[in-house]
Structures are given as C-alpha cells and as structure tokens.
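These are the residues of each chain, in order.
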Amino acid sequence: MDTVLISRMMIGITLGFHIIFATLGVGIPFMILLAEWFGMIRKDPQYSLLARRWARGYSITVAVGVVTGTIIGLQLSLFFPGFMRIAGHVISLPLFLETFAFFFEAIFLGIYLYTWDRFKKPVTHLLLLFPVVIGSGLSAFFITTVNAFMNTPQGFTIRNGVILEIDPLKSMFNPATPTETTHVIASAYMTCAAVLAAISAFYILRGKRIDYYRKALRLTAGTTFVLTLATSIIGDLSGKFLANQQPEKLAAAEWLFHSESPADLLIGGVLDPVTQQVKYGIKIPGLLSFLAHDDFHSKVIGLNEFPRDLWPPLFVHYLFDLMVSVGIFSAAVTAFFVCIRYLISRLEWNRWLLRALLINGPLSMLAIEFGWTYAEIGRQPWILRGYMKVAEAATTSPQAGSMLVVFCALYLVLGILSSYILMRMASSNPVENEMEKRGVKWNAI
Amino acid sequence: MPYELIGISVLWIFLYGYVITASIDFGAGFFSYYGKMTGKGEMIHAVISRYLSPVWEVTNVFLVFFFVGIVGFFPETAYYYGTALMVPASIALLLLAIRGSFYAFSHYGNPKSHIYHLLYGATGLLIPAALSTVLTISEGGYISKLGNTITFHAGALFASPYSWSVVCLALVSVMFISATFLTYYANKANDRQAEEILRTWALFWSLPTIFASILTFMALYVQNPEHFSRMMNNSWWFILSLAFFLNVVRLLILKRSYGFGFVSVMLQFFTAFWGYGASHLPYLLYPYLVIQSSMTSPKMALALIWAFIGGLCLFIPSITLLLRLFLFNANYRKGVIK
Ligand code: HDD
Ligand code: HEM
Ligand code: HEM
C-alpha cells in the first residue's frame, strides 16, 4: 500500500473514532444541563439524579475524547506534514482557539464533577455547567471552521508554493462555515438526545417500569424531536450551500451527470458506471432542484461539467442517502412518540415504539459517521479544494503502515474497554438502589 | 519584541506548565506503584488521587496547547518534525492514550486493579522519556535532509550519550518535582505518615537531579558545542537555578515551609528551562529551522497573540478557581468533602 492511502486510512479511522466521543462530548453537557435545570425548577430530585448519572458516564467518554483528540492533533502533522506546512499558516488560529475552548471546558468539567454536594445553593452547581456547554460548543465550532476551510478555502494566496496575504478571519469565516458548523453542532445535540433516549427505552424494555425512566424518556425523546427538525432544516441549507459552492459534491451524492432543470432526487439505486444509467432507484421529481435552490424548477449542475479526474468517488451517494434516511426516521419516530404521549398515553410504552427509539440512538451516531465520511470523501481528490491534492499532502514515512496497525489496535482496545466500563457502571449501580440510598422517592408504573 | 520571540516565549511557558503539572502526575504514578509494592501504598494513593483526579485533563491540554501552538506559529516545524518523528511521536501518543484512558476507567469505573496500577506507574516513566527525546532531537544530528526527503536516524539517537543523559535528567526531575509537591500536599492534608515517606523520597531524588543536570551539560558539549557556548553566556540562569535547588534541599532537611519549598522547585526548573530555551534560540531544529525564517505571516502571528491574550483572560480566573477549590481548600485536602 502506498503511504498516501495509509495516511488517508489513518486519519479517517482516527477521526471516525474520535467523532463518536467528540459528538457525545459536545451534546451530553447540554442534556445534563437540561436535566439538572428540570430538577431545580420542578423540585424533583429524580431529574437531578438523572443529571448525576449521565455525568458519571460522561466522565468516561470525555476521557476517550480527550485521548483520541490529542492523537489527531499530532497525527495531522505526522501523516499530513505537507498539508500542515501550507495550511498551518491559515488554520492555526481556529486550532489555537479550540485549545483554549478545551482548557475552559476541562477546568469547569473538573470542578463540576467533583462538587456535587459542595454548594449551598443548587444553582451554583448548575451554573458551572454553562462554561462546559459553551466550551465544548465553541471547540466544535472552531474545529469545524477548519474543515469548512478545507472545503472552501479563502483568505490567502499561493504564489510559487509560498502562502501569502493571509487573512485569518476571512479564512475562518469562509462560505462553508455557517452551514457546516451549525449542522455539526445541531447533529451532535440531536445524537446525544437520541442516544440517551435509547438508553431509557432499553431499560423500560427490560422491565424497569418506573417513573424515573418515564421522565427520562419523555425528556430525551421530546428533545430529540426538536433537534432532529433543527438538524434536518440546517441540512437542507447545507445542500443549498453545496449547490452553490461545491456543486461536484452534491452531484456525486445524487449521481447527477448532466446538468438538469428540474433535477430529480434519487434515493438508492445501482449505478452502471459505463453508461451512467441508474437502475432500481426511486426518483422524486424536482426535489433535488428544491434541495439545491429552494425552487422545484431550478437548474442543478451535473458532474460532466467537471474534468473526470476531479470527480469524487461515486459511492458517496449511499452515504448521503443513509444520513438523510436517519434524519427522516428519527423525526418520524420521535414525532410519533410525542403525539402518543399526549394523546394516547397508555400506548406510550408500546414495545415497537420503544424498540424504534432504541435503535434510533445507534442510528443517529451512524448518521454522524455517514455524514462526515460523505463530507470528507466527497471532497476528493482535494485536501484543500482547488489548491492542494491529498497526494501532495501525505507523509512519505515508510513506517506509516505499522503505525496504522498500532493505532487500530489501540482504538479497538479503547472501544471495547470503554463500553465494558460504561455497562459495568450502569449494572453495578442500578438506579433503584441509588434512589433508595439517596432517599429519593420513586414509583413503579 | 518581535512576534517570533513573543510566540516562542508563550509556547515555552506553556511547555513549562506542562512539565511541572505532568511531572507531578507522572511521578505520582510511580510512587503509587512503588508504595503498593512496598506496602506503603494506601495513604500515598489517597493523597495522590485526591489531587490528581480533578486536574489530569487540564494537564493534558497544556501539552496540546504547546504542539498546536508551535505548528501555528512555526508551520515549518510540522513538516520537519512531523516527517521525522512518525515513530517516536506515535509511541508517545500511545502511552499518553493508555495513561489517560486507564486513569479515567479505573478512577470512575473500577477500583484499582493490579494491571492498571502497573500501567499507571510504568507510563509515568516511559512518557517523559519519550517526550524528552524531542528536545534531544532538536539539538541536531539526528535528522538530515537530502533534497526533499527528511530522514530520522534512530540508531544515532539510541547510540548517543547525550540522548541518554537527557532521558535520565527527565526521569529524575519527574521524581524530584513530584515528591516535593506531594510532600507539601500531604503536609497540608495533615497526613504525617505520608508526609514523612514523601519527604525522604524527595531528599533521595535531590542528588541524582543535580548529577543528571551536570551530566547533560557535559554531553551537550559533545553533541552541540555551539549551543553549549550560548548556554555559558546565559550561565546566570543556571546559577540561579542551583541556588533555588539548594534552598529546597535545605527546607526539606529542616522539615520546614514545604509550600515555599515547592515554589523553589518551580523556580529552579523555571530558571533552568528558561536558560536552556533562551540559549537554544534561534534554532528550533539545528541547523535547519530558525525561528525568524520559519515563522508564519506577521498577520497570523498577531492574530494568534491576540487570541492568546483573550484566552488568558478566561483561563487565569478559571484555573484560580480550580486551584482554590481543590488545591488550597483545607477541607477538600483533608478528605472531609469529596
Ligand atoms: C445525526 C446526524 C445527521 C442527520 C440526521 C443529518 N445530517 Fe447531514 N451531516 C451530518 C449529520 C447529520 C454531519 C456529520 O454533521 C455532517 C458531516 C459534515 C458536516 O458538515 O456535517 C453532515 C453533512 C451534510 C452535508 C454535506 C455538507 C458539506 O459537505 O459541507 C449535507 C448536504 C447534509 N449533511 C444534508 C443533510 C440533510 C438534507 C439532512 C436531512 C435529513 C441531514 N443532512 C441529516
Ligand atoms: C473537523 C475537522 C476535520 C478535519 C480538519 C479533517 C481533516 C482531514 C484530512 C486532512 C484528511 C485527509 C485528506 C483527505 O483524504 O481528504 C481527512 C480525510 C478523512 N476524514 Fe476528515 N477531518 C475532519 C473531520 C472528520 C470527521 C469528524 C470524520 C469522521 C468520520 C472524518 C473522516 C475522514 C475520512 C473517512 C477521511 C478519508 C477520506 C478519503 O480517504 O477519501 N473527518 N480529514
Ligand atoms: C467536528 C469534529 C470534532 C468535534 C465536534 C470535536 C470535539 C471534541 C470534543 C468534545 C473533545 C473532548 C474534549 C473535552 O470534552 O474536554 C475533543 C477532544 C479533542 N479534539 Fe476533537 N473534535 C472534532 C474533531 C477534531 C479534529 C479534526 C482535531 C484535530 C485537529 C481535534 C482535536 C482535538 C484535541 C487535540 C482534543 C483533546 C483536547 C484536550 O486535551 O482536552 N478534534 N474534541
């Protein structure tokens, strides 16, 4: 294998692993905040306990997030020295700011986790969460501006391989920034809500029919619904961004070869790469035009307007479809849950509904992976669109291959261990026992 | 002051912050393992986990800050070091990953298993050894550039007396810094037994610290005479450092003012670190990279400095709060509150 391919695999695997914990790191503090706040305003210690138990699990996922993040921070220089040498001039500001955001977050998280019963007023402890939520949100924002910059670089000029006239703010606030950062943050919040809803659904399915889990499920599933809508609406704006700024990525996602007006949205299907014909797919007339320009008749640019060697790999179509399907599934399931809960509450714990909520958690996390893989592979062959190709950026070190093996082994161990520890934490300390111990009242349903 | 000097000074101070906070952590790992093996474990472990648990992520961010910052201010470093250090840096990352995650796993998830203890102790020695080689490499002689290929001579690194003396120095410094800090902390927590053990350890490691420093000086003379002579020009930093060192030893022997003693240790290392750093300039990597020519554009440098000032305004109050709640809070230290 050549080192370019190895480097791409390495960064893809590291980021694909990091993003799981990063997503949890961004979204869970927000959910903890919600629960602790509910506990305070409703004077209901069950919500406070919910916050406390989430925070305990969170301390494990954060640790893996920090560890894998540290790895990427250095691996970018190790595996893509050529990229960092050039782009380092431009992206260092957001990277630097991200580190400060982490600092801020890490300090207050340390305080938060160790001061549960230390303050007289509960609101003091709650306030400590704000820096955590803001810090993790800001770090997600800053790091995503880096990725946005790779999609639509601006704010510098390159002459004879030397980078000149750098404008750090202009490159941070590039055309991809608004949609990308908001879509990333919204989807992280949505995913965390969905994962926590899945956990509650899991326990109810296992027969823990108590009011604690009813509250947990209502809170999380309701939040998931709102956040899924937000994510999908912003996703639609991301589509419009692509149509204007990175049309080849959108065209690859939709297997649109000839520019068309109106253009149809394609779902699924099998492509014959020679004839560029699609079999078995479902076409929705005009919907792609709408996704691209808010108008069912507008023209959408096709791949044939780009030189063949600048086409992204065409399998990204499936990644895009899968991501969108999860969005639709999540919106449908949670909307259904919310309606049932208010209208026919005796069906609230219908087993099929609970099962759907259960798989919605892992599915949302998968959507994050699909979305990112689509965004990254859809940029191929560029690492800095229009300026630098991946092949020019990767390392030439002959040891890259063995390092890939070593890190894969590390991620495997970390993944297994952290899941094992999280499951043990939950099973060794069932919530009923903890409520007894803390004198919190609860009822079976 | 020119931007590149401001930049490198800021980064150097952060690296210093990492050296101190991480040394406390690394040494603690070793002491805790050693204590367990020799049956003195429990109380030392209690002191250690009390101080370390709220702080380890903050320690880690110091390191991240340094390497993100150096690539930001001096992007050329990414190219040279990044290409050359694939293996050593990956190993350091691996060790850091094992340490960080196992720390959290065992602390929150599972009370002390034996293998965790071993890993915690061992990585505490291996990480400083691995990280210190980066400073060794920066002295030149281990990386060469031919045309566009950069090669790292691992064999030369392993064969070099300088490299081993730096590793030695790093290890004994870790022990010394950590033991003096933990003595202070045990004293404040009124844990007399732990305090006495830790105080003896601190004294035990004081002499090797000085020997290793002298050894490193001599080895540097062989490795990079030019740097050595610049160090001689900056010698008063090192004399100051020696004075602080003597003060620590004095206080430890007299069993007095451990707090001031630890401040002296910090100053001892600060002066030595600063003297070393100042005489290392202008080179970031001898003889290929000097700070002036590898710096990013002035506009970016200015933006980074502003970001840094803004960051500090957030950072200083919050770290003060952290320290006041955990380090300087008598009830927390004594274990009255958890
Ligand atoms: C829970 C996760 C999730 C869900 C349900 C969706 N997305 Fe998404 N999407 C992401 C998670 C995500 C992401 C992981 O956050 C990405 C990867 C890169 C990025 O900017 O966000 C992304 C990227 C991304 C892009 C590419 C942006 C770029 O490359 O710059 C587009 C066009 C969309 N999304 C559109 C949508 C639409 C129309 C959705 C409608 C239902 C949708 N997404 C649901
Ligand atoms: C947010 C900041 C991110 C940055 C700065 C970044 C940076 C990079 C770089 C430098 C590459 C190598 C060049 C390339 O192949 O195009 C890459 C590739 C890749 N990244 Fe990202 N990435 C980011 C986020 C993510 C996330 C969160 C994922 C999660 C799944 C991801 C998945 C991938 C994959 C799969 C590749 C390989 C692409 C290929 O081989 O075609 N990236 N990324
Ligand atoms: C959009 C994608 C990403 C998101 C949302 C994200 C978010 C996070 C989060 C939440 C953490 C955990 C830190 C904590 O909770 O204290 C983390 C750690 C970290 N991430 Fe990422 N990250 C992303 C991609 C990247 C990339 C591409 C890099 C590399 C440049 C990176 C560098 C880091 C570093 C260095 C850490 C460790 C910081 C520390 O020591 O506390 N992240 N990230």
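Bear in mind that the values here come from a model prediction, so they are computed numbers and not experimental data.

Student: Explain the overall build of chain A here, please?
Tutor: On a plain count of helices and strands, chain A comes out with 15 helices and eight strands. Here chain A has a C-alpha radius of gyration of 23 Å; the compact-globule value for 445 residues is 22 Å, and the two agree. Relative to its 445 residues, chain A shows a buried fraction of 58%. Looking at chain A as shown, the accessible area adds up to about 18,300 Å², and 67% of this sits on carbon and sulfur atoms. Measuring between centres, the 35 positive side-chain charges of chain A sit 12 Å from its 28 negative side-chain charges.

Student: Explain the site of ligand 1 to me, please; I cannot follow it from the model alone.
Tutor: All names here are of chain A. Inspection of the region around ligand 1 gives 27 residues, with E180, H183, S187, K249 and M323 positioned closest. One nitrogen or oxygen atom from the side chain of S187 is found 3.1 Å from an oxygen atom belonging to ligand 1. Within the side chain of K249, one N or O atom sits 2.6 Å away from an oxygen atom of ligand 1. Counting residues per element, the ones that place at least two in the shell around ligand 1 are helix 7 (177-205), helix 8 (211-245), helix 11 (316-343) and helix 12 (351-377).

Student: Mind showing me how you'd approach the layout of surface pockets here?
Tutor: One way to see where empty space is left: roll a probe the size of a water molecule over the atoms. Empty space within the second largest pocket amounts to approximately 1,400 Å³. Taken together, 45 residues line the second largest pocket, and the ones lying closest to its centre are I199(A), Y203(A), L422(A), M423(A) and A426(A). Breaking the lining of the second largest pocket down by element, the ones donating at least two residues are helix 1 (3-41), helix 2 (45-79), helix 7, helix 8, helix 12, helix 14 (400-428) and helix 15 (431-438) of chain A together with helix 5 (86-109) of chain B. Among the elements that take part in the lining of the second largest pocket, helix 14 of chain A stands out by supplying nine residues, more than any other. Class assignment of the residues belonging to the lining of the second largest pocket gives a composition of 27 nonpolar, eleven polar and seven charged.

Student: Just to check I follow, could you spell out the coordination of the iron atom of ligand 2 for this structure?
Tutor: Ideal donor angles around a metal are set by the shape: a four-donor tetrahedron calls for 109.5 degrees, a six-donor octahedron for 90 or 180 degrees. On the protein, E376(A) (OE) is the one donor atom to the iron atom of ligand 2, at 2.1 Å. Relative to the helices and strands, E376(A) is located in helix 12.

Student: Before we go on, may I ask you to explain the domain arrangement of chain A in this structure?
Tutor: Where the parts come together, the accessible area they lose is often given as the size of the interface. All names here are of chain A. Looking at the assigned domains, one finds that chain A contains domain 1 (3-259 + 301-438) and domain 2 (260-300). Facing the 23 residues of domain 1 at the interface are 21 residues of domain 2. Interface area for domain 1 against domain 2, summed over the two sides, is near 1,700 Å², with a carbon-plus-sulfur share of 59%. If you look at where domain 1 meets domain 2, you find zero salt bridges. The tally of links between domain 1 and domain 2 comes to zero residue pairs in polar contact (both at pLDDT 80 or more). Only helix 8, helix 9 (247-254) and helix 11 provide two or more residues apiece to the side of domain 1 that touches domain 2. When residues in the side of domain 1 that touches domain 2 are grouped by element, the largest group, five residues, is from helix 8. Looking at the side of domain 1 that touches domain 2 residue by residue, the class counts come to ten nonpolar, seven polar and six charged.

Student: What exactly am I supposed to notice about the coordination of the iron atom of ligand 3 here?
Tutor: There is one protein donor for the iron atom of ligand 3, and it is H18(A) (NE2), at 2.1 Å. Examined against the element boundaries, H18(A) turns out to sit in helix 1.

Student: When you look at empty space enclosed by the protein in this model, what are you seeing that I'm missing?
Tutor: Throughout the structure, instances matching the rule amount to six cavities of 30 Å³ or more. Approximately 190 Å³ is the volume found for the largest cavity. Along its surface, the largest cavity is lined by 17 residues, and W56(B), N60(B), L96(B), R99(B) and G100(B) are the ones closest to its centre. Looking at the lining of the largest cavity, the elements with two or more residues in it are helix 2 of chain A together with helix 1 (3-37), helix 3 (56-73) and helix 5 of chain B. Per-element tally for the lining of the largest cavity: the top contributor is helix 5 of chain B, with six residues. Tallied by class, residues from the lining of the largest cavity come to eleven nonpolar, four polar and two charged.

Student: Mind showing me how you'd approach the interface of chain A and chain B here?
Tutor: If you look at the interface, chain A gives 61 residues, while chain B gives 65 residues. Interface of chain A and chain B: buried area, both sides summed, is about 5,500 Å²; carbon and sulfur atoms make up 79% of it. When residues of chain A are sorted by the area they lose upon contact with chain B, F96(A), Y114(A) and R118(A) head the list and together hold 15% of the total. Along the contact surface separating chain A from chain B lie zero salt bridges. Residue assignment for the side of chain A that touches chain B shows that the elements contributing at least two residues are helix 2, helix 3 (81-113) and helix 14 of chain A.

Student: Sorry, what's going on with the environment of R341(A) here?
Tutor: Note on placement: R341(A) falls in helix 11. Side chain to side chain, R341(A) and Y342(A) meet in a polar contact 3.4 Å long.

Student: Where do I start with the site of ligand 2 in this structure?
Tutor: All names here are of chain A. Taken together, 21 residues lie near ligand 2, and R8, L15, E376, R379 and Q380 sit nearest. Take R8: an N or O atom from its side chain is 2.6 Å from an oxygen atom of ligand 2. Contacts to ligand 2 include Q380, whose side-chain N or O atom sits 2.8 Å from an oxygen atom. Of all the elements, helix 1 adds the most residues to the shell around ligand 2, at six residues. Across the shell around ligand 2, the residue classes break down as twelve nonpolar, five polar and four charged.

Student: Honestly, the pattern of salt bridges in this entry has me stumped. Any pointers?
Tutor: This model, assessed by the stated rule, comprises eight salt bridges over all chains. A salt bridge links D25(B) to R99(B), with the nearest nitrogen and oxygen atoms 3.4 Å apart. Note that D25(B) is positioned in helix 1 and R99(B) in helix 5, a separation of 74 residues in sequence. Exposure remark for R99(B): the relative accessible area of 5% places this residue in the buried category. Among the ionic contacts, a cluster of salt bridges with common partners joins R53(A), R56(A) and E434(A).

Student: I keep staring at helix 6 (residues 114-138) of chain B and nothing clicks. Help me out?
Tutor: Because each turn of an α-helix spans 3.6 residues, side chains separated by three or four positions in sequence point in the same direction. Along its 25 residues, helix 6 of chain B runs 38 Å from first to last C-alpha, staying within 8% of the 36 Å computed at 1.5 Å per residue. Once helix 6 of chain B finishes, G140(B) follows within two positions and takes phi at roughly 90°, a positive value.

Student: I would appreciate a short explanation of helix 14 of chain A in the present structure.
Tutor: With 29 residues, helix 14 of chain A ought to run about 42 Å at 1.5 Å a step, and its terminal C-alpha atoms sit 41 Å apart, in line with that. Buried within helix 14 of chain A we find A400(A), M403(A), L404(A), F407(A), L410(A), Y411(A), L414(A), G415(A), S418(A), I421(A) and M425(A).

Student: Explain the side chain of Q75(A) to me, please; I cannot follow it from the model alone.
Tutor: Structurally, Q75(A) is set in helix 2. Q75(A) gets classed as buried once you look at its relative accessible area, which sits at 0%. Contacts of Q75(A), omitting those with residues within four sequence positions, involve M10(A), T14(A), F80(A), F407(A), Y411(A) and L93(B).

Student: Can you help me understand the pairing of strand 2 (residues 149-152) of chain B in this one?
Tutor: A regular strand places its side chains on the two faces of the sheet in alternate fashion. Residue and element names in this part refer to chain B. Only one face of strand 2 is covered, namely the face carrying I150 and F152; the face carrying T149 and T151 is uncovered. Relative to strand 2, strand 1 (residues 143-146) is paired through four bridges, and the arrangement is antiparallel. Its bridge partner lying in strand 2, I143 is registered against F152. In textbook terms, the turn of a hairpin is the stretch between consecutive antiparallel strands, and for strand 1 and strand 2 this stretch comprises two residues, one of which, G147, has a positive phi near 60°.

Reading guide: rules and limits
Residues numbered from 1 in each chain as written. Chains lettered and ligands numbered in written order. Predicted model: local features only at pLDDT ≥ 70, side-chain atom pairs only at ≥ 80, totals over all residues. Heavy atoms only, no water. Helix = DSSP H or I, 4+ residues; strand = E, 2+ residues; numbered from the N terminus. Rg over C-alpha atoms; globule rule 2.2 N^0.38 Å. Buried < 20%, exposed > 50% of the residue type's maximum accessible area, 1.4 Å probe, protein only. Areas by Shrake-Rupley, 256 points an atom, 1.4 Å probe, with all protein chains shown as cover. Lys, Arg positive; Asp, Glu negative; His and termini not counted. Charge placed at Lys NZ, Arg CZ, Asp CG, Glu CD. Near = heavy atom within 4 Å. Polar contact = N/O pair within 3.5 Å; in protein donor to acceptor, adjacent residues only side chain to side chain. 1 Å grid on protein atoms, 1.4 Å probe; cavity = no way out; pocket = protein on both sides within 12 Å on 5 of 7 lines; lining within 4 Å. Points joined across faces, edges and corners; volume = space filled by probe spheres on them. Nonpolar A, V, L, I, M, F, W, Y, C, P; charged D, E, K, R; others polar. Donors = N, O, S within 2.8 Å, 3.2 Å for Na, K, Ca; no water. Domains from an automatic or database assignment. Contact = heavy atoms within 4.5 Å. Buried area = accessible area lost by both parts, 1.4 Å probe. Salt bridge = Lys/Arg side-chain N within 4 Å of Asp/Glu carboxyl O. Expected span 1.5 Å × (residues − 1). Pairing = 2+ DSSP bridges.

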